[in-house]
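One letter stands for each residue in the lines below.
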Amino acid sequence: MAANRAEDRHFRVLLVDDEPLARQKMRLFLADQPDVDIVGECEDGPTAIDDILRLRPDLVFLDVQMPGTDGFEVLETVRAEYLPEVVFVTAHDSYALKAFDIHALDYLLKPFDRERFLRSLSRARA
């Protein structure tokens, strides 16, 4: 019975990346996932902070380097009030250790493909 509840779970997802094509790619990969609701998209850190606190997503695909505030600063700012599950999405592998130090679910290196992206989503489902 518990397995059925896990399968029925709907994920509220926020996409945060300053690159419109990256957000479009993630949106495309999530389009055929019946248990995923994209609740918003952000292109900078300050907007991500506001939307995380306002929308309370279950999962955030979060770019590391963005205008205004980087992904780590976003999490540091919201941490006291609400901390969703996070998958970092970046073109830079140098932040991986820091990402896992703050308990990120996964770390996607750009350019990623559909299979790799969906493995990250699968980790969130687990």
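Residues numbered from 1 in each chain as written. Predicted model: local features only at pLDDT ≥ 70, side-chain atom pairs only at ≥ 80, totals over all residues. Heavy atoms only, no water.

Enquirer: What is the right way to look at the overall build of the protein in this model?
Expert: In terms of helices and strands, the protein carries 6 helices and 5 strands. Along the protein, helices (α) and strands (β) appear in the sequence α-β-α-β-α-β-α-β-α-β-α when read from the amino end. By the compact-globule yardstick of 14 Å for 126 residues, the protein fits well, its C-alpha radius of gyration being 14 Å. Overall, the C-alpha framework of the protein stretches about 45 × 30 × 25 Å when taken along its three principal axes. Taking all 126 residues of the protein together, the buried fraction comes to 44%. Counted over contacts in the protein with a minimum sequence separation of 6, partners at least 24 positions apart contribute 61%. Only carbon and sulfur atoms are counted for the fraction: they give 51% of the accessible area of the protein, which is about 6,800 Å². When the 16 positive and 25 negative side-chain charges of the protein are each reduced to one mean point, those points stand 4 Å apart. (Helix = DSSP H or I, 4+ residues; strand = E, 2+ residues; numbered from the N terminus. Rg over C-alpha atoms; globule rule 2.2 N^0.38 Å. Buried < 20%, exposed > 50% of the residue type's maximum accessible area, 1.4 Å probe, protein only. Contact = heavy atoms within 4.5 Å. Areas by Shrake-Rupley, 256 points an atom, 1.4 Å probe, with all protein chains shown as cover. Lys, Arg positive; Asp, Glu negative; His and termini not counted. Charge placed at Lys NZ, Arg CZ, Asp CG, Glu CD.)

Enquirer: Can you walk me through the packing of aromatic side chains in this structure?
Expert: For any pair of aromatic rings, the description rests on two quantities: the centre-to-centre distance and the angle between the ring planes. Using the criterion set out here, one finds 5 aromatic pairs in the structure. A centroid spacing of 6.3 Å and a plane angle of 65 degrees characterise the contact between Phe 29 and Phe 112, whose relative ring orientation is edge-to-face. Note that Phe 29 is positioned in helix α2 (residues 20–30) and Phe 112 in the loop between β5 (106–109) and α6 (114–125), a separation of 83 residues in sequence. This pair shows no difference in class: Phe 29 is buried, exactly as Phe 112 is. (Phe/Tyr/Trp six-rings, centres within 6.5 Å; stacked < 30°, edge-to-face > 60°.)

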